[in-house]
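What follows is the residue order along each chain.
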Amino acid sequence: MATFVYGNRIADPDGLIRYRYGIGRVMEMALGHIGTDTPIHLSFDVDALDPQWAPSTGTPVRGGLTLREGDYIAECVHETGSLVAMDLVEVNPSLEVVGAAETIRAGCSLVRCALGDTLL
């Protein structure tokens, strides 16, 4: 599951907030909490995505984010103009050779969206 951490608060530890409010509202809450003058380091663990989108990762968990939700998170952070750093972790092509290309594609999509690419 995705966990959004901002300051000393944790949102969505079990994915319940995402299902109740949707990823758009979760991002509004998270970004609203940190404000507009805070530099953002986006650390994206690719195993937050459902294995359908990123099977080649250390801890695949069913029920994770869709790729579109992950891209939306990255797009929202980009739109703030406050992104100063990003890391993408847990992409491990050696774990699931058949799904390696999909996982790499998903990772590239997340980075592109954080850098300003949009899917819509």
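As shown above, the structure is provided for reference.
This one's a predicted model, so the numbers in the text were calculated from it and none came from an experiment. By convention here, each chain's residues receive numbers from 1 onward along its written sequence. Note on the predicted model: pLDDT of at least 70 is required for a residue's local features to be given, and 80 or more for side-chain atom pairs to be given and counted; whole-chain, interface and lining totals, by contrast, use all residues. Side-chain measures were taken over the full set of non-hydrogen atoms in the model, leaving aside hydrogen atoms and water.

## Looking at the overall build of the protein chain
- Numbering of helices and strands runs from the N terminus, with a helix taken as a DSSP run of H or I at least four residues long and a strand as a DSSP run of E at least two residues long. Of regular secondary structure, the protein chain possesses four helices and four strands.
- Scanning the protein chain from its N terminus toward the C terminus, one meets helices and strands in the order β-β-α-α-β-α-β-α.
- Working definition: with a 1.4 Å probe on protein chains only, accessible area under 20% of the residue-type maximum means buried, over 50% means exposed, and in between means partly exposed. Classification of the 120 residues of the protein chain by burial places 37% in the buried group.
- For the protein chain, the proportion of contacts with a sequence separation of at least 24, taken over those separated by at least 6, is 66%.
- Methods summary: accessible areas were calculated by the Shrake-Rupley approach with a probe of 1.4 Å, and residue burial reflects only the protein chains presented. Total accessible area computed for the protein chain in this model is approximately 6800 Å², and 56% of it derives from carbon and sulfur atoms. By definition, residues are in contact when any of their heavy atoms lie within 4.5 Å.

## Considerations on the nonpolar core
- Judged by nonpolar contacts, the single largest core of 19 residues is most densely connected at Met27, Leu42, Phe44, Leu49, Leu65 and Ile73.
- If you list the elements that add at least two residues to this core, you get α2 (23–34), β3 (40–45), α3 (67–80) and α4 (100–114).
- Looking at this core, the element that brings in the most residues is α3, giving five residues.
- Setting aside residues no more than four positions away along its own chain, Leu49 makes contact with Phe44, Ala54, Val61, Gly64, Leu65, Thr66, Leu67, Gly70, Ala106 and Leu110. What makes a nonpolar core is a set of buried Ala, Val, Leu, Ile, Met, Phe, Trp, Tyr and Cys residues whose side-chain atoms join them at distances within 4.5 Å.

## Points about the packing of α2 against α3
- Two numbers describe how α2 lies on α3: the axes approach to 10 Å, and their chain directions differ by 35°. Like other packed secondary-structure pairs, α2 and α3 cross with a definite hand, here right-handed. Here Ile23, Gly24, Met27 and Leu31 of α2 come into contact with α3, specifically with Glu69, Tyr72, Ile73, Cys76, Val77 and Thr80.
- As a working rule, the residues Ala, Val, Leu, Ile, Met, Phe, Trp, Tyr, Cys and Pro are called nonpolar, Asp, Glu, Lys and Arg charged, and the rest polar, with Gly in that last group. Of the residues in the contact of α2 with α3, the class split is seven nonpolar, two polar and one charged. With axes taken as lines fitted to C-alpha atoms, and helix axes fitted only over the stretch in contact, angles between N-to-C directions fall between 0 and 180 degrees. Note on convention: near helix rotated counterclockwise from far helix by under a right angle means a left-handed crossing. Clockwise means right-handed.

## Brief notes about the pattern of salt bridges
- For salt bridges, the criterion is a side-chain nitrogen of Lys or Arg within 4 Å of an Asp or Glu carboxyl oxygen. Across all of its chains, the model carries three salt bridges by this definition.
- Between Glu75 and Arg68 there is a salt bridge whose closest N-O contact spans 3.3 Å.
- The class for Glu75 is buried, based on a relative accessible area of 7%.

## Some thoughts on the pairing of strand β4 (residues 83–89)
- By this definition, two strands are paired if DSSP reports at least two bridges between them. Where β3 meets β4, six bridges bridge the pair, whose relative direction is parallel. Opposite Phe44, over in β4, you have Leu88 as the bridge partner.
- By convention, orient the strands away from the viewer: a clockwise path from the first strand over the helix to the second makes the crossover right-handed. As for the winding sense of the linkage, the β-α-β connection from β3 through α3 to β4 is right-handed.

## Structural notes on unusual backbone geometry
- Although it is not a glycine, Glu90 sits at a positive phi angle of roughly 75°.
- Position of Glu90 relative to the elements: it lies in the loop between β4 and α4.

## Here we look at the environment of Pro55
- Within the fold, Pro55 resides in the loop between β3 and α3.
- Taking relative accessible area as the criterion, Pro55 reaches 18% and is therefore assigned buried.
- Separated by 36 residues in sequence, Pro55 and Val91 place their C-alpha atoms 9.1 Å apart.
- Apart from residues lying up to four places away in sequence, Pro55 is in contact with Glu96, Gly99, Glu102 and Thr103.

By themselves these figures say nothing about function.
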